[in-house]
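What follows is the residue order along each chain.
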Amino acid sequence: MDKLIIKGGGPLSGEIRISGSKNSALPILAATLLAETPMQVGNLPHLHDVTTMLALLRCMGVGVTIDEKLCVEVDNSSISEYTAPYDLVRTMRASILVLGPMLSRFGEANVSFPGGCAIGSRPVDIHLRGLEAMGATIEVDQGYIRAKSDGRLKGVHFFMDTVTVGGTENLMMAATLAEGTTILENAAREPEVVDLANCLVEMGAKIDGIGTDTLTIEGVKSLSGCQFDVMPDRIETGTYLVAAAASRGRVKLKDTCEKLLESVLLKLDEAGACISTGPDWIELDMKGNRPKAVSLRTAPYPAFPTDMQAQFLAMNAVSEGTGSVTETIFENRLIQIHELNRMGANIRLEGNTAIVTGVEELKAAPVMASDLRASASLVIAGMIANGETMVDRIYHIDRGYECIEEKLQLLGANIRRVPG
Ligand SMILES: CC(=O)N[C@H]1[C@@H](OP(=O)(O)OP(=O)(O)OC[C@H]2O[C@@H](n3ccc(=O)[nH]c3=O)[C@H](O)[C@@H]2O)O[C@H](CO)[C@@H](O)[C@@H]1O
Ligand SMILES: C=C(OP(=O)(O)O)C(=O)O
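Since this is a predicted model, take the numbers as computed values, not measurements.

Thresholds, definitions, all that
Residues numbered from 1 in each chain as written. Chains lettered and ligands numbered in written order. Predicted model: local features only at pLDDT ≥ 70, side-chain atom pairs only at ≥ 80, totals over all residues. UniProt positions renumbered as here; feature names shortened; annotations may be inferred. Helix = DSSP H or I, 4+ residues; strand = E, 2+ residues; numbered from the N terminus. Pairing = 2+ DSSP bridges. Axes fitted to C-alpha atoms, helices over the stretch in contact; angles between N-to-C directions. Contact = placed C-beta atoms within 7 Å. Expected span 1.5 Å × (residues − 1). Buried ≥ 20, exposed ≤ 12 C-beta atoms within 10 Å, placed from the backbone. Near = placed C-beta within 6 Å. Nonpolar A, V, L, I, M, F, W, Y, C, P; charged D, E, K, R; others polar. Parallel < 35°, antiparallel > 145°, perpendicular 65-115°, else oblique.

Trainee: Explanation requested: the UniProt feature "binding site: phosphoenolpyruvate" (unreviewed entry) in the protein in the structure shown.
Mentor: The UniProt entry lists Lys22 and Asn23 under the feature "binding site: phosphoenolpyruvate" (unreviewed entry), expressed in the numbering used here. Along the polypeptide, Lys22 turns up in helix H1 (residues 22–31). The topology assignment puts Asn23 in helix H1.

Trainee: Honestly, the sheet that holds strand E8 (residues 137–141) in this entry has me stumped. Any pointers?
Mentor: In sheet architecture, strand pairing relies on hydrogen bonds along the backbone and comes in two forms, parallel and antiparallel. Taken together, four strands build an open sheet; the order of strands is E6-E7-E9-E8 and the sheet is mixed. Here the strands that pair on one side only, and so sit at the sheet edges, are strand E6 (83–84) and E8. Here E8 runs beside strand E9 (residues 144–148); their pairing, made up of five bridges, is antiparallel. Along E9, the bridge assignment pairs Asp141 with Tyr144.

Trainee: I keep staring at the sheet that holds strand E17 (residues 281–285) and nothing clicks. Help me out?
Mentor: The strand order across the open sheet built from four strands is E2-E15-E17-E16, with neighbouring strands paired in mixed fashion. Two strands in the sheet have a free side with no partner beyond their single neighbour: strand E2 (13–17) and strand E16 (274–278). Adjacent strand axes in the sheet meet at a mean angle of 10° when their direction is disregarded. Inspection of the sheet shows E16 paired to E17 by five bridges, in the antiparallel sense. Residue Thr277 lies in a different strand from E17, and its bridge partner there is Ile282. The strands touched by helix H8 (residues 234–246) within the sheet are E2, strand E15 (250–254) and E17, with E15 carrying the most contacts at an inclination of about 170°.

Trainee: Would you explain H8 in this entry?
Mentor: An α-helical segment advances 3.6 residues per turn. Residues three or four places apart therefore align on the same side. With 13 residues, H8 extends 18 Å between its outermost C-alpha atoms, agreeing within 8% with the 18 Å of an ideal straight helix rising 1.5 Å per residue. Judged by how many residues are buried, H8 sits mostly within the fold: 13 of 13 residues are covered. Looking one or two residues beyond H8, the residue adopting positive phi is Arg248, at roughly 65°.

Trainee: Any chance you could explain the UniProt feature "active site" (unreviewed entry) in the protein here in plain terms?
Mentor: The residues that UniProt annotates with the feature "active site" (unreviewed entry) are Cys117. Inspection of the secondary structure assignment puts Cys117 in the loop between strand E7 (108–112) and helix H5 (125–133). The contacts of Cys117, once residues within four sequence positions are left out, are Arg93 and Arg122.

Trainee: Mind showing me how you'd approach the site of ligand 1 here?
Mentor: Taken together, 22 residues sit near ligand 1, with Asn23, Ile126, Thr164, Val165 and Gly166 positioned nearest. Secondary structure elements with two or more residues in the shell around ligand 1: H1, H5 and helix H6 (165–176).

Trainee: How should I be thinking about the site of ligand 2 in this particular structure?
Mentor: Lining the immediate environment of ligand 2, one finds Asn23, Arg93, Ala94, Asp307, Leu372, Arg373 and Gly400. Each residue belonging to the shell around ligand 2 can be placed in one class, and the counts come to two nonpolar, two polar and three charged.

Trainee: Explain the pairing of strand E3 (residues 39–42) to me, please; I cannot follow it from the model alone.
Mentor: Both faces of the sheet carry side chains from a regular strand, because those side chains alternate between them. A one-sided burial pattern is seen for E3, the buried positions being Met39 and Val41 and the unburied ones Gln40 and Gly42. Judged from the three bridges that link them, E3 and strand E5 (residues 72–75) form a sheet pairing that is antiparallel. From the neighbouring strand, Met39 faces E5, where its bridge partner is Val74.

Trainee: What's the story with the packing of H1 against helix H2 (residues 48–59) in this structure? I'm lost.
Mentor: The relative placement of two packed helices comes down to the angle between their axes together with the axis-to-axis distance. At a minimum axis distance of 10 Å, the contact between H1 and H2 shows a crossing angle of 5°. Our classification of the angle between H1 and H2 gives roughly parallel. Residues Lys22, Ala25, Leu26, Leu29 and Ala30 of H1 form the contact with H2, whose participating residues are Asp49, Val50, Met53, Leu54 and Leu57. The class makeup of the residues in the contact of H1 with H2 is eight nonpolar, no polar and two charged.

Trainee: Honestly, unusual backbone geometry in this entry has me stumped. Any pointers?
Mentor: Note on backbone geometry: most residues besides glycine have negative phi, and most peptide bonds are trans. In this model, Tyr301 is joined to Pro302 through a cis peptide bond whose omega is 15°. Structurally, Pro302 is set in the loop between strand E18 (296–297) and helix H10 (309–317). With phi around 60°, Arg393 is a residue other than glycine that occupies positive phi space. Along the chain, Arg393 falls in the loop between strand E25 (388–392) and helix H13 (395–400). Owing to 18 C-beta atoms within 10 Å, Arg393 belongs among the partly exposed residues under this scheme. Phi is positive for Cys403, which is not a glycine, with a value near 50°.

Given below as structure tokens:
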């Protein structure tokens, strides 16, 4: 297993480009299953999860070609297999997103049950209930969700009792080819849901209420391919901003967009960062100052994203004062505090809230990454710690951060990968 060796040091400084969004690329690649003609998806990040999604499409018989700019052309005119196998699904929960499109277009889909993961149990009951309400029959057999539809799915008025990003995406995709009108209430409003909806509209779907919590989808008989570039990764953007703030540095991030992360920028402002923005860039400058600890609570968009709390925990660990971080989306997403405490942090857990009292300095230690964003927080901690930190199990980080060590090196970090 590869490891990252990080020698803690001075402030991060420099300029880097932000990659395309993982959480937008994955549903958009799943949505290509709905198109009857070839489709091109651009600005894809080079990530393990994207490779897994392409492998999943290929194993269903989809033709995939990739050009030198990582623009992928997908041609599903010869789909022969309606199964998403366990071996691929177990490495990436977003594989569940092929369920809605496959079922809606071909009347059949067999998708391995994704199960839980390090951050929580992550059920998919709302995805399944929504599809059933649209007329699908669903059985769980030998670990597989076996879904069938007799003819087209039927439009439905469906209320999601929890705000779910993946559930909204799956049901919205399924509804595009259903007979009649579907109304999805309490829909997720995350920018990635909006990006997917915009892509579906380009493919010929009829969707109203994009960006609101009520989506109205009038089913059409067929969709065609289009050219679509995925949006910038707001979580990658936020991660580099927090890394710079924690190290008292100054970074400029290009090919990104401030509007995607207002709640995160507000917290960085509260931490003492000077932030300036342009149409496609964000700059953060700590002017050499120690950050101030901030308190936050995760919640669905537009509130503070759960995918950013781990990084703020690392920043709070070396900030002035005490801050509390409350996780409300996933039941097990504060586990990395034990690793941060092994590096000298002062973090106490009270239920789903981590109370962090900033220390002057973290000390390097061998640490173990447990999930994607926890890995990012340990990398940030390593960069501000005194000494050499080894972060183990970094396969998690390769799911979500393109060229992380190269980008951090460009910002002046002393970080290298040791293959294992
Ligand atoms: C690939 C992708 O886009 N991943 C993101 C997506 O994950 P994902 O789509 O899996 O997360 P959801 O928004 O569905 O989960 C939100 C909450 O709803 C619960 N739930 C969800 C579905 C369901 O059928 N039943 C149910 O109870 C989950 O357990 C969780 O507590 O949104 C999360 C919340 O912003 C992010 O952290 C992930 O990075
Ligand atoms: C939890 C995440 O992703 P996934 O839903 O793919 O596990 C994440 O991106 O932080």
